[in-house]
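Close look at the chain arrangement
Below are the chains, spelled out letter by letter.
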Amino acid sequence: MASSPKLDSKIPDGPLDQKWTKYRSTVALVNPANKRSLEVIVVGSGLAGAAAAASLAELGYKVKVFCFQDSPRRAHSIAAQGGINAAKNYQNDGDSVYRLFYDTIKGGDYRAREANVHRLAEVSGNIIDQCVAQGVPFAREYGGLLSNRSFGGTQVQRTFYAAGQTGQQLLLGAYSALQRQVGMGAVKLYARHEMLDIVNIDGKCRGIIARDLVSGKLERHFGHAVLLCTGGYGNVFFLSTNAMGSNVTAAWKAHKKGAFFGNPCYTQIHPTCIPVSGDHQSKLTLMSESLRNDGRIWVPKKKEDAEAIRTGKLNPNNLKEEDRDYYLERRYPAFGNLVPRDVASRAAKERCDAGFGVNATGQAVYLDFAFNMKYKYGKIEATKKGIENPTEAQLEEFGHAVVKEKYGNLFDMYEQITGVNPYKNPMQIYPAVHYTMGGLWVDYNLMTTVPGLYALGEANFSDHGANRLGASALMQGLADGYFVIPYTIGAYLANEIRTKPIALDHEGFVKAEQDVQNQIQKLLNIKGTKSVDYFHKRLGKVMWDKCGMARNAEGLKWAIEEIRKIRDEFWKDLRVPGEANEFNPELEKAGRVADFLELGELMCKDALERNESCGGHFREEYQTEEGEAERDDANFSYVAAWEMKELGNWELHKEELKYENIKIAQRSYK
Amino acid sequence: MSNSKGFLKSSIGRKFVMGLTGLFLVSFLVVHVSINSLLFLCDGGETFNAAADFMAHNPVIRFLEIGLFIGLIAHIVQALVLTLANKKARPQGYAQVNGAANSTWYSRSMGLLGTLLLLFLVMHLYHFWWPTKVAVFTHNEHNTFEEIKAVFTDGTMGVISVVLYVVGCLSLSYHLLHGFQSGFQTLGLNHKKYTPVIKKIGIIFSIIVPLVFALMPIGFMAGFIH
Amino acid sequence: MAGSSGKNINVTIKVWRQKNKNQKGQFETHEMKGVSTDMSFLEMFDVLNERLITEGKDPVAFDHDCREGICGMCSMYINGRPHGPKQGVTTCQLHMRSFKDGDIIVVEPWRSAAFPVIKDLAVDRSSFDRIMAAGGFVSVNTGNAKDANNILIPKDDADEAFNAAACIGCGACVAACKNASAMLFVSAKVSQLALLPQGQVEREERVLNMVKQMDAEGFGNCTNTGACEAECPKGISLENIARMNREYIHASTIANRK
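Residues numbered from 1 in each chain as written. Chains lettered and ligands numbered in written order. Predicted model: local features only at pLDDT ≥ 70, side-chain atom pairs only at ≥ 80, totals over all residues. Heavy atoms only, no water.

Residue and element names in this part refer to chain C. Taken as a whole and judged by the stated rule, the model has 0 disulfides over all chains. With no disulfide of its own, Cys66 lies 3.8 Å from the sulfur of Cys71, the closest cysteine sulfur. You can call Cys66 buried: its relative accessible area is 1%. We note that Cys228 lacks a disulfide partner, and the nearest cysteine sulfur, in Cys222, lies 6.3 Å from it. We classify Cys228 as buried; its relative accessible area is 11%. (Disulfide = S-S within 2.5 Å. Buried < 20%, exposed > 50% of the residue type's maximum accessible area, 1.4 Å probe, protein only.)

Here it is in structure tokens:
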């Protein structure tokens, strides 16, 4: 297998369950006096960034934190709804570190690194301890103990949650730890600052160039190490569940300066999002996966019914039971509506493509609570109340109350956005881009191929393989920030104690700043006719159509050409109003979309190269006769790490994935 | 870095003084309205005059009166300081405010209602408190009941006085409607069980007390107090 | 049918324009024709900005990020109310179906000395971060924690702490308050940690420090009008303010400390 000497994963020797413990105890330490003179730059203030910054500052490092939002508390980790997994086995239902490890590897369709995932499972319990100690108000039982639920079809109850706002509560916990360090002067905070390039000096990452978004001024910042905790790149699709500002710029600039990009094509499409309502749509909103526990997914059996629903001639409530196609229950009787995200998403697309979609655009399926509301919860409540032969109206009334209790806030949100009452009408849902498993390639220490440059959380490629399980993203972000980087950064910084801060007038800084300045001027000087969004939407459509839920070689090749065309037009006909030295949101967006226009090409290239279907990557050429994904372990059991030679020219390096503790099997949910 | 010495200069400390003095003034109203209700006995002011005489000469009451004035002045001074600080906290106002959507007009108008009350109070003290003081110090014979009656039955001036007193009572009512429960909230006295009760008592108090007060000038004018 | 209602309306937008903190601002009027009622309020601004850009004008700057009502970044004062006419939602979750054809919609930034305008509708809320840095935390270094289930918390306390913790830090409370007071924001954090056993150790210190910082930032004083509670998109309760008052009065008077 072709490889690069740079692609050393540095996985410690020894049995899987002792690798981390042993490594942690032997990794080089930096003495407290030296820590005070070592500076660490953290870019991004989500779970990974805030946790890392706070933890490193507590250890004594001098830390600077950068975020483009107006406060670190706004990072998009805040939007995670469902929960966070941890192998605590509080419910005595047979959970263990091994089981969490196994589920995560399997859920990732056998495309993640064993050692990293096992470490993640090992520290998962510590995360819960840490968060509770910070005052994160997790849901509790009446006895005062922590409550758990099962999530995403796992067979154990290992998910900790805080209503539907787990991400928010965890982020506020990390944010408060961060603010504590800010108050003590150990962390210097740079909000409304966007990192626009890294600075490499003598082969090591030594700092960043950031733009103060309020004044527009460029700043140089030195760091002995730089941590990119900048999230995923789902916004390359324009429409996604990401925040409007979520971007790839930090990771992409690092990629252009030598950091390999791992598995860029692995994209998670979440099956239950509110469908697009029109051309004005700016983002998509996720409805928690937990809804699939009680909602049944269907489309009409007959095309003419679907047609009638689309044009408003038929009310779906009046469609007879035998005329409905509960396609997940039909195709996957064992898991039914609870199949993993990638499977559920593809099945929805298949039905809509075949002409059975139900909203005006034909791009939606129903998530229907009527049946379970009445005949599951309604009946249970009637029994509790001692009513033997409840009427239909009673069943509906009782069931309504239960569903409101369980999902009230989600139903409200749905009604808020669509103007439709989901208690009375089936919800309409459609898959949307949600998370990117790919990201900067990192070794066991979370260091990229650029020495001194790290990537944490969604920004790296490491733990979720080709598909992420529900409630695992929060776990990974916090694991990286709280419990991995504080140890592993020592391996590098122990050798940097003699490095004096590099003067900011060093030619490396000057040149990097000049390059950034030039790009900004270039964007402003085009003075074309089209807005940033115009190009972003075009790129998004190409990506969604050709590199979305289903991909094929022909489409991907076309997409690569098309993206290049859009990119050329972008640089010829873009209009960015305003100036460089002022608060200029359009200029910010322009820089980000410029990077998406390059990333998109690499994603397609990676998707084209991976001639198999696995997890979130589905190639139409590689499916079974029943339309299920067909993995090719013999040829593709590797991490694709791309090195940029120049724009449009990448070299592929492969890190072989070795499974020594898990037997690889085909996923089946039939 | 914390210190408790700044308590009285902190936002909450100043509010604490507002709440405490406010509730203290409420307690004065209870005494005031009780004694004045003796007017409704319609015995030619005999009982009322006896009570008024007792209040005017009792040294304990005289001492408490000083406290009352201190409380009143503290309430006014803090209100001024807080209002100035509040104005500074929003130097540029909104072009359009829909306050009715989120709060009652009188809760937003405590400063205005308080100012009206202060003006009323000046008039009220001039009408009754000052003549009594003069009488007490000069040891002159005086009949409080008759003095009150005179104010409200003096032709056109009497009608104006009645109207001004009713307006004063209305201001008091709205001031109390917010202030009563607000005082408890400011002192941190918020309880799932008791707060709803306090709020109810507050509403009843804010309607009954000013109403009883208002009935006095009206009563003199209409002649049902005699 | 259960789908998009798809109506179009015409509205007039009067929006505040201000170049930066130091310059004076003024209103600018824009006619918006054929606005789909399925649009969110911010998407209507996207359309307006798109038009301004193609016309070679300066688009309206406004803060927004997640557009699903949780990050707390969006912050428009619409027709005299923070986050507009609907109760319990942020600006990003406000949809045009809340408006009628022919409406004139006045849009202003949050106005408070402690939230200086950066540009147009975007304001600087870093004062909130500084208040948090003054005490909005439990001092527990990473790795110090004991097993999570060693701390038992009555469900009611946990739920109440959660309700207080639901604050998104958007600043609507300050914007709504006639005094531009930040008491609801500060009290939500003070309450959350005062209700939990983890917060007990620093309970007095925390409330003293946070209130001190709040005062230093130039926020106004609470007069219990309740506007903050009514306009809070997350329904944070006024009870929290009473609890903070109690905590503060206790810490500065009764507590045995200098």
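Here we come to the environment of Ala188 of chain C. All names here are of chain C. On the secondary structure map, Ala188 appears in helix α5 (residues 183-195). The class of Ala188 is buried, set by a relative accessible area of 1%. Sequence separation between Ala188 and Gly88 is 100 residues; the distance between their C-alpha atoms is 16 Å. Residues in contact with Ala188, not counting those within four places in the same chain, are Ala164, Cys167, Ile236 and Asn240. (Helix = DSSP H or I, 4+ residues; strand = E, 2+ residues; numbered from the N terminus. Contact = heavy atoms within 4.5 Å.)

Take the interface of chain C and chain B next. Often, the extent of an interface is quoted as the loss of accessible area on bringing the components together. At the interface, 55 residues of chain C touch 37 residues of chain B. In total, chain C and chain B occlude about 3,800 Å² of area from one another, counting both sides; carbon and sulfur atoms represent 51% of this. It is Arg111, Asn221 and Asn224 of chain C that lose the most area in chain C upon contact with chain B, and together they represent 16% of the buried surface on that side. On the surface where chain C and chain B come into contact, there are 2 salt bridges. Residue Lys192 of chain B is joined to Glu160 of chain C by a salt bridge in which the shortest nitrogen-to-oxygen separation is 3.3 Å. If you look at where chain C meets chain B, you find 27 residue pairs in polar contact (both at pLDDT 80 or more). Within the residue set of the side of chain C that touches chain B, elements represented by two or more residues are β5 (104-108), α4 (172-176), α6 (203-216), α7 (227-231) and α8 (239-254) of chain C. Here the element with the most residues in the side of chain C that touches chain B is α8 of chain C; it accounts for 11 residues. Broken down by class, the residue content of the side of chain C that touches chain B amounts to 27 nonpolar, 15 polar and 13 charged. (Buried area = accessible area lost by both parts, 1.4 Å probe. Salt bridge = Lys/Arg side-chain N within 4 Å of Asp/Glu carboxyl O. Polar contact = N/O pair within 3.5 Å; in protein donor to acceptor, adjacent residues only side chain to side chain. Nonpolar A, V, L, I, M, F, W, Y, C, P; charged D, E, K, R; others polar.)

Time to look at the sheet that holds strand β19 (residues 649-656) of chain A. Residues and elements named next belong to chain A. Spatially, β16-β10-β18-β19 is the arrangement adopted by the 4 strands of the open sheet, whose pairing is antiparallel. Looking at strand neighbours, the two that pair on one side only are β16 (439-440) and β19, the edges of this open sheet. In this structure, strand β18 (residues 638-646) lies alongside β19, joined through 8 bridges in antiparallel fashion. Across the sheet, the residue bridging to Tyr638 is Glu656, located in β19. Across the sheet, helix α7 (residues 249-256) is in contact with β10 (261-262), β16, β18 and β19; its angle to β18 comes to roughly 70 degrees. Contacts between helix α17 (residues 585-609) and the sheet are confined to β10, β18 and β19, with β18 contributing the most and set at about 135 degrees to the helix. (Pairing = 2+ DSSP bridges. Axes fitted to C-alpha atoms, helices over the stretch in contact; angles between N-to-C directions.)

Quick look at unusual backbone geometry now. Positive phi values are uncommon outside glycine, yet Cys42 of chain B reaches one of about 55 degrees. Turning to its location among the elements, Cys42 of chain B is positioned in the loop between α1 (11-36) and α2 (46-57).

With that settled, the discussion passes to the environment of Ser139 of chain C. By the secondary structure assignment, Ser139 of chain C is in the loop between α2 (126-135) and α3 (155-165). Non-local contacts of Ser139 of chain C, meaning those with residues more than four positions away in its chain, are made with Arg180 of chain A together with Glu202 of chain C. Within the structure, Ser139 of chain C has its side chain in polar contact with the side chain of Arg180 of chain A (distance 3.2 Å).

Further remarks concern the sheet that holds β5 of chain C. One key point about sheets: their strands pair by backbone hydrogen bonds, in either a parallel or an antiparallel sense. Residue and element names in this part refer to chain C. Strand order across the open sheet formed by 5 strands is β2-β1-β5-β3-β4, with mixed pairing between neighbours. One side of each edge strand has no neighbouring strand; the edge strands of this open sheet are β2 (26-36) and β4 (81-82). The sheet contact formed by strand β1 (residues 8-17) and β2 spans 9 bridges and is antiparallel. Considered in β2, the bridge of Trp16 is made with Phe27. Helix α1 (residues 41-54) contacts β1, β2, β3 (77-78) and β5 of the sheet and is inclined by roughly 105 degrees relative to β2.

With 2 pairs of chains in contact overall, the greatest share of contacts is found between chains A and C. Spatially, chain A is disjoint from chain B: no contact exists, and the shortest C-alpha separation is 12 Å.

All names here are of chain C. Each assigned domain of chain C is listed here: domain 1 (8-119) and domain 2 (125-254). Each of domain 1 and domain 2 has a C-alpha centre, and these two points are 29 Å apart. Contact with domain 1, which involves 22 residues of that partner, is made by 20 residues of domain 2. Across the contact surface, domain 1 and domain 2 share 2 salt bridges. Across the salt bridge formed by Asp63 and Arg125, the nearest N and O atoms sit 3.7 Å from each other. Between the two partners, domain 1 and domain 2, sit 7 residue pairs in polar contact (both at pLDDT 80 or more). When grouped by side-chain class, the residues that make up the side of domain 1 that touches domain 2 number 11 nonpolar, 8 polar and 3 charged. (Domains from an automatic or database assignment.)

Listed by partner, the interface residues are 73 residues for chain C and 83 residues for chain A. With both sides pooled, the region where chain C packs onto chain A buries about 6,400 Å², and carbon together with sulfur makes up 54% of that total. Inspection of the chain C/chain A interface yields 5 salt bridges. Where Lys283 of chain A meets Glu68 of chain C, a salt bridge forms, and the shortest distance between an N and an O atom there is 2.6 Å. Summed over the shared surface of chain C and chain A, the number is 41 residue pairs in polar contact (both at pLDDT 80 or more). Sorting the residues of the side of chain C that touches chain A by element identifies α1, β6 (117-119), β7 (122-123), α2, α3 and α5 of chain C as the ones contributing at least two each. Of the residues assigned to the side of chain C that touches chain A, the class counts are 37 nonpolar, 18 polar and 18 charged.

Another aspect to go through is a nonpolar patch on the surface. Residue and element names in this part refer to chain B. On the surface, Val60, Phe63, Leu64, Ile66 and Ile70 cluster together to form a nonpolar patch covering roughly 550 Å² of accessible area. Checked against the element boundaries, Ile70 lands in helix α3 (residues 59-89). Ile70 gets classed as exposed once you look at its relative accessible area, which sits at 56%. (Patch = residues over 30% accessible without salt bridge, like charges linked within 9 Å, V, L, I, M, F, W, Y side chains within 5 Å. Areas by Shrake-Rupley, 256 points an atom, 1.4 Å probe, with all protein chains shown as cover.)

As a further point, take the packing of aromatic side chains. Residue and element names in this part refer to chain A. The tally for this structure, following the rule as stated, stands at 52 aromatic pairs over all chains. Pairing Trp20 with Tyr444 gives two aromatic rings, centres 6.2 Å apart and planes at 70 degrees, and the pair type is edge-to-face. Note that Trp20 is positioned in helix α1 (residues 16-26) and Tyr444 in the loop between β16 and β17 (453-455), a separation of 424 residues in sequence. Across this residue pair, the class does not change: Trp20 and Tyr444 are buried. Seen from their ring centres, Phe411 and Tyr423 are 4.7 Å apart, and the 45 degrees between their planes marks the pair as tilted. Separated by 12 residues along the polypeptide, Phe411 in helix α12 (residues 392-418) and Tyr423 in the loop between α12 and β15 (427-436) bring together distant segments of the chain. No difference in accessibility class separates Phe411 from Tyr423, as the two residues are buried. (Phe/Tyr/Trp six-rings, centres within 6.5 Å; stacked < 30°, edge-to-face > 60°.)

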